[in-house]
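Here's the letter readout for the chains.
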Amino acid sequence: MRTALIILVTSAGLAVSQQIWDIWQTKWDRTKLFTSLAPSSAINFVSPGTAASADIVVSDNVLMQQIDGMGGTLTDSAALTLNNLKSRNSGNYWNLLTYMFNTGYGANSAGLSYVRVPIGASDFSANVYSFDDVSGDTSFTNFNVNKAPSYVFSVLQDIRSINNRIKVHLVPWSPPGWMKDSGTMNGGSLKSQYISAYPTYLLKAVQGFQSKGIPVYAISIQNEPQNSNPTYPTCTMTPSIEGQIGTTLRSLLNNNGLSGVKVVGYEHNWDTAGSYPVTLMQDAGNAFSGVAFHCYAGSVSNQDSFHNAFPNKEIYFTECTGTIGSDWWSDIKWYMDNMQVFVGSLEHNARSALMFNFALDGGGNPKLPGTNSCGNGCRPLATVNSDGSYSLNQEFYAMAQASKAIIPKDPGGPFGQRIGVSVKGSLSWALRVSAFTTGRVSSSDWSQYSIVVLNCNSGWNPVDVTATIEFRGMQATYTFPVGVTTLWWFAPKTGGFAASNVNVTKTHNSTSAH
């Protein structure tokens, strides 16, 4: 990373400006894949001239939601796949985890920071199990978090050794089968007689992970509560029942020293964003930090139905998966436009953007025997081969470009926060842009301002787009190739570039980037 302070002499006097040296790029034709560029000259913010046909206007005075991070789900199958890689090729295992999770500033890595973990079995487990399969054990004396495969915890600990600020979000695919009208974890609903007991099971799950040295950031009540599928763990649950469970769980967490653990509701598709989660918050809003969404039905804009009803509640985007065999560039455009950034989940107030499995094999396996989930094959972030090699998929590259914009600048510093941005001009249609600011540990250090830009001007003849970037009355110019580009600069947290009494002998790093 290179930084420099520019002193500009204008008709208004001295002004302080910043250069852009930090640029990461993924191109439509894969000639660059999450590549750090080394420009031959800096991109300077200067006094504004004529705006380009695509004019990006960054409004850092418009502050929106804090971003918690990007990531995926560590299913049993994902953990097994990674653990097998560790056994076959330890070097590749650590290289992959580091490339995914290292948040070191300027490091060649994505800085993924959010991991969702099933409580018990899912459609990506070797067998169906819960943490207490003893029928009628409503005191949960037989509860045992070690019913989960040991490699789930070992891989989580390895991830935490790379990124100790990883946020772990627990979610059950189903209560224990004996608590349900189906008598199995596969399909059915929770029996009413167990509504009061089930929150203790969820509390014990949080305590179990904590006992393994894995702090829990959040817990959801039920994965996809409107889905009952007899071929893998699922459970239907009304907003009323979920609200009762959440209310009791919130009290249990508070009374057991876990008041900082968030309780999240819904965890299902966009299509009913204006009904189920709204009813849930009306019934039991005080128990929940917010709700989570999946991508499998409806439109990302449906998140606004919930946000408009409960603007102070948090929104998380926690699951979407690629399909094996789909088109690489079309997928990148869809993920950036719908899920990760731009007119996607973050633009519609989500604090996180997660894919499904972190890792699987080339066929989207292993899956739960007999499940009809992922009929055409769910593509993971990373495909791991039996020979100990691996490859990263389009889901990873889309996510990495967004993640790079919001990871902390300083050790222990804050993650990024979404800020206002718009695109003007005759070519505004070609660019999708999101903007973020990342604060600093020291109030004297300049904040980071970043943009993530999708140039979707592809068609039959991909065309680069030269754009101007407007920021606090100054202007920079950059040509964006077809693909995704992430770049950033530094500026004082408040105010403009103008400075009437600049100390021109000040060292570069003391003002810009530490």
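Let me sum up the structure you'll find in this document. (Residues numbered from 1 in each chain as written. Predicted model: local features only at pLDDT ≥ 70, side-chain atom pairs only at ≥ 80, totals over all residues. Heavy atoms only, no water.)

This part takes up helix α6 (residues 276-284). In an α-helix there are 3.6 residues to a turn, and that puts residues three or four apart on one side. Those residues of α6 that sit buried are Tyr276, Pro277, Val278, Leu280, Met281 and Ala284. Elements in contact with the buried residues of α6: α5 (239-255), β11 (262-269), β12 (290-294) and α7 (303-309). (Buried < 20%, exposed > 50% of the residue type's maximum accessible area, 1.4 Å probe, protein only. Helix = DSSP H or I, 4+ residues; strand = E, 2+ residues; numbered from the N terminus. Contact = heavy atoms within 4.5 Å.)

For the rest of this paragraph, the subject is the state of the cysteines. One pass over the structure, following the stated rule, counts 2 disulfides. Disulfide pairing is shown between cysteine 374 and cysteine 378; the S-S distance is 1.6 Å. Around the S-S axis, the bridge from cysteine 374 to cysteine 378 shows a dihedral of about -75° and counts as left-handed. Across the pair, cysteine 378 and cysteine 374 agree in class, each one buried. In the protein chain, numbering the disulfide-bonded cysteines from first to last in sequence yields the connectivity 1-2, 3-4. Cysteine 235 carries a free sulfur, and the closest cysteine sulfur to it, the one in cysteine 374, is 20 Å from it. (Disulfide = S-S within 2.5 Å.)

What follows covers unusual backbone geometry. Note: most residues except glycine have negative phi, and most peptide bonds are trans. Look at the link from asparagine 365 to proline 366: it is a cis peptide, with omega at 5°. Here proline 366 is to be found in the loop between β16 (359-360) and β17 (378-379). The backbone phi angle of glutamate 267 is positive, close to 55°, even though this residue is not glycine. Along the chain, glutamate 267 falls in strand β11.

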